[in-house]
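Structural overview for review
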Amino acid sequence: MTAYFQIDGVPIPFESGQTIMDAALAAGQYIPHLCHNPEFRPHGSCRVCTVRADGRFVAACTFPASEGAKVECASDELRELRNGLLQMLFVEGNHVCPGCEKSGACQLQAVAYYCEMLAPELPHFFPRRHVDASHPDLAIDYGRCILCELCVRASREVDGKSIFAIGGRGIKAHLLVDSPSGKLGDTDMSVHDKAAHVCPVGAILIKHRGYDRPIGQRLYDQRPVSVVGDVIQAEETRDD
Amino acid sequence: MTRPRIATASLAGCFGCHMSFLDIDERLFELVRHVDFDRTPLTDIKAIGPCDVGLIEGGCANAENVEVLRAFRQQCKALVALGACAINGGIPAMRNQFSLQEILAESYLDGMGLDQGQIPNDPEIPLLLDKVYPIHEVVQVDHFLPGCPPSGDAIWTFLQELLSGQAIRLPYTQIHYD
């Protein structure tokens, strides 16, 4: 007999060992998320997928589904909480959407649209972070990194190169590149690596194709992330 | 019932949001049947009086921006951050990656092609702030309408909802940050 739990009253089937997120995704029930990607071990760092499971706030991507659990996802309380988390992600970095190649196909932006966030209403940090354009095919804008560790996980688990890591703690946490100079150009990273394609924001960019899709035809221009799916799925089915 | 009064200003912006405001096209005729305009580049009135709505384009980059913004806050019942620059500083805030000294030196002293450069210091030129600030970091802001610029349709939806006292709720395609 299949076991079920509920998300906002909708019954969701699950198998033993699945997280709330795994089961929800399999059942076509969207839970906003940024650092989660079903191909990798859950990380639970962005907290955007926070839901209330039997009264407790938990990250849906790391919390196991259990028989009969009542999970709230779309309540006003959770929307507000999620909106606050998104606003913090925006003000901690330098997210200048009008000047970013990823705009329109950025998952941070798309999740914020889905959550109807109109503006980050907090004080902006404007951290001073540099751009690494040393690699011939890739660029890193550290100001846009949201520390989701998807590139870290992809490089380690799929590419077997472990080029990326997160160093520092708290507000000083930052993305590191494993080369003597700290530059991406001095690693054996390839544009064909998984790690080059998993960035949900415009932190790791593939060069020579910026603004190749006109406004109106970009990934999230017409339909929300809940319908279109994550950046990586679209990235891997790109026809060019 | 008195007609709502609207004022608009562009601070550290490019006037793109004002151009987009004009992009509501024929709907401008309907708008002026219901509202009066106070200080705005559309009327060329220079000083703001008591208003119901103030639309602010652009962030705060210099002392004059702050003065205009404070006057708007004092006079407007509802103040709106219109567009990316008012909301988070936008493109002008990319200068926040550098110190003011570095920027002035690059622009006026050491930049390419400069000969005997000097930093402008005419008293009529408003002093630059240390960085470009989103307007809600300077005054209380009541509403935010994102976009670079917000589309004419988004501005129209927003004004209709605001002036009729409804909650602001934009359709998916009218919320964008670029």
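Below or above, wherever it landed, is the structure these notes cover. As the structure is a computational prediction, the values presented were derived from the model and not from experiment.

Assigned secondary structure in chain A consists of six helices and ten strands. Relative to the 2.2 N^0.38 estimate, which gives 18 Å for 240 residues, the radius of gyration of chain A is 18 Å and therefore close to what a compact globule would have. Overall, chain A is about 55 × 40 × 40 Å in size when its C-alpha atoms are taken along their principal axes. Here chain A holds 240 residues, and the buried ones make up 52% of them. The long-range share in chain A, meaning contacts at least 24 apart out of those at least 6 apart in sequence, stands at 63%.

What chain B contains, in helices and strands, is six helices and seven strands. In sequence order, chain B lays out its α and β elements as β-α-α-β-β-β-α-β-α-α-β-β-α. Over its C-alpha atoms, taken along the principal directions, chain B stretches across nearly 60 × 35 × 30 Å. By the burial criterion, 50% of the 178 residues in chain B qualify as buried. The long-range fraction of contacts in chain B, counting pairs at least 24 apart against all pairs at least 6 apart in sequence, stands at 75%.

The interface of chain B with chain A comprises 29 residues on the first partner and 32 residues on the second. Summed over both sides, the interface of chain B with chain A buries roughly 2,400 Å², with 58% coming from carbon and sulfur. Three residues, Gln97(B), Tyr172(B) and Tyr177(B), lead the burial of chain B against chain A; their summed loss comes to 32% of the area buried on that side. Inspection of the chain B/chain A interface yields two salt bridges. Arg218(A) is the salt-bridge partner of Asp178(B), the closest N and O atoms lying 2.7 Å from each other. There are eleven residue pairs in polar contact (both at pLDDT 80 or more) connecting chain B and chain A. Examining the composition of the side of chain B that touches chain A, we find that three residues originate from one element, helix α4 (residues 84-88) of chain B, more than from any other. Split by residue class, the side of chain B that touches chain A holds 16 nonpolar, eight polar and five charged.

A separate point is helix α3 (residues 107-114) of chain A. Most of α3(A) sits out of view: seven of its eight residues are buried. Remark: Glu116(A) follows α3(A) within two positions and exhibits a positive phi of approximately 55°.

This brings us to the packing of aromatic side chains. Applying the stated criterion across every chain yields a total of six aromatic pairs over all chains. With a centroid separation of 4.7 Å and 70° between ring planes, the pair formed by Tyr113(A) and Tyr177(B) is classed as edge-to-face. Linking Tyr113(A) in helix α3 with Tyr177(B) in the segment after α6 (152-163), this pair reaches from one chain into another. Ring centres of Phe21(B) and Phe37(B) lie 6.1 Å apart, and the angle between their planes is 70°; this geometry places the pair in the edge-to-face category. A residue pair is termed long-range when its members are at least 10 positions apart, and Phe21(B) in helix α1 (residues 16-22) and Phe37(B) in strand β2 (residues 36-37) qualify at 16 residues. The exposure class assigned to Phe21(B) is buried, which follows from its relative accessible area of 2%.

Once that is clear, we can look at the sheet that holds strand β2 (residues 10-14) of chain A. All names here are of chain A. The strand order across the open sheet formed by five strands is β2-β1-β5-β3-β4, and the pairing between neighbours is mixed. Strands with a single pairing partner mark the edges of an open sheet, and in this sheet they are β2 and β4 (56-59). Sheet twist, expressed as the mean angle between neighbouring strand axes with direction ignored, is 35°. Here strand β3 (residues 50-53) runs beside strand β5 (residues 70-72); their pairing, made up of two bridges, is antiparallel. The residue of β5 that forms the bridge with Arg52 is Glu72. Packed on one face of the sheet, helix α2 (residues 76-92) meets β3, β4 and β5 and runs near 150° to β3.

Another point: the pattern of salt bridges. Within the structure shown, the criterion is met by 14 salt bridges over all chains. Between Lys194(A) and Glu39(A) there is a salt bridge whose closest N-O contact spans 2.7 Å. Pair noted here: Lys194(A) is in the loop between β9 (174-177) and β10 (204-206) and Glu39(A) is in the loop between α1 (20-26) and β3, with a separation of 155 residues, a long-range link. By relative accessible area, which is 13% here, Lys194(A) ends up buried. For Glu39(A), a relative accessible area of 46% gives the class partly exposed. Of the charged contacts, one joins Glu157(A) and Arg156(A) as a salt bridge, the two residues approaching to 3.4 Å between their closest N and O atoms. On the basis of relative accessible area, Glu157(A) is assigned to the partly exposed category, the value being 36%. Connected via shared salt-bridge partners are Arg218(A), Asp221(A) and Asp178(B).

We now examine the packing of helix α2 (residues 27-34) of chain B against α6(B). For any two helices packed against each other, one specifies the crossing angle of their axes together with the interaxial distance. Residues and elements named next belong to chain B. Relative to each other, α2 and α6 sit at 20°, their axes nearing to 12 Å. Taken together, the axis directions place α2 and α6 in an arrangement best described as roughly parallel. The hand of the α2/α6 crossing is left-handed. Residues Arg27, Glu30 and Leu31 of α2 touch α6, and the partners they reach there are Gly152, Asp153, Trp156, Leu159 and Leu163. Class assignment for the residues of the contact of α2 with α6 results in four nonpolar, one polar and three charged.

Conventions adopted
- Residues numbered from 1 in each chain as written.
- Chains lettered and ligands numbered in written order.
- Predicted model: local features only at pLDDT ≥ 70, side-chain atom pairs only at ≥ 80, totals over all residues.
- Heavy atoms only, no water.
- Helix = DSSP H or I, 4+ residues; strand = E, 2+ residues; numbered from the N terminus.
- Rg over C-alpha atoms; globule rule 2.2 N^0.38 Å.
- Buried < 20%, exposed > 50% of the residue type's maximum accessible area, 1.4 Å probe, protein only.
- Contact = heavy atoms within 4.5 Å.
- Buried area = accessible area lost by both parts, 1.4 Å probe.
- Salt bridge = Lys/Arg side-chain N within 4 Å of Asp/Glu carboxyl O.
- Polar contact = N/O pair within 3.5 Å; in protein donor to acceptor, adjacent residues only side chain to side chain.
- Nonpolar A, V, L, I, M, F, W, Y, C, P; charged D, E, K, R; others polar.
- Phe/Tyr/Trp six-rings, centres within 6.5 Å; stacked < 30°, edge-to-face > 60°.
- Pairing = 2+ DSSP bridges.
- Axes fitted to C-alpha atoms, helices over the stretch in contact; angles between N-to-C directions.
- Parallel < 35°, antiparallel > 145°, perpendicular 65-115°, else oblique.
- Left-handed = near helix turned anticlockwise from the far one by under 90°.

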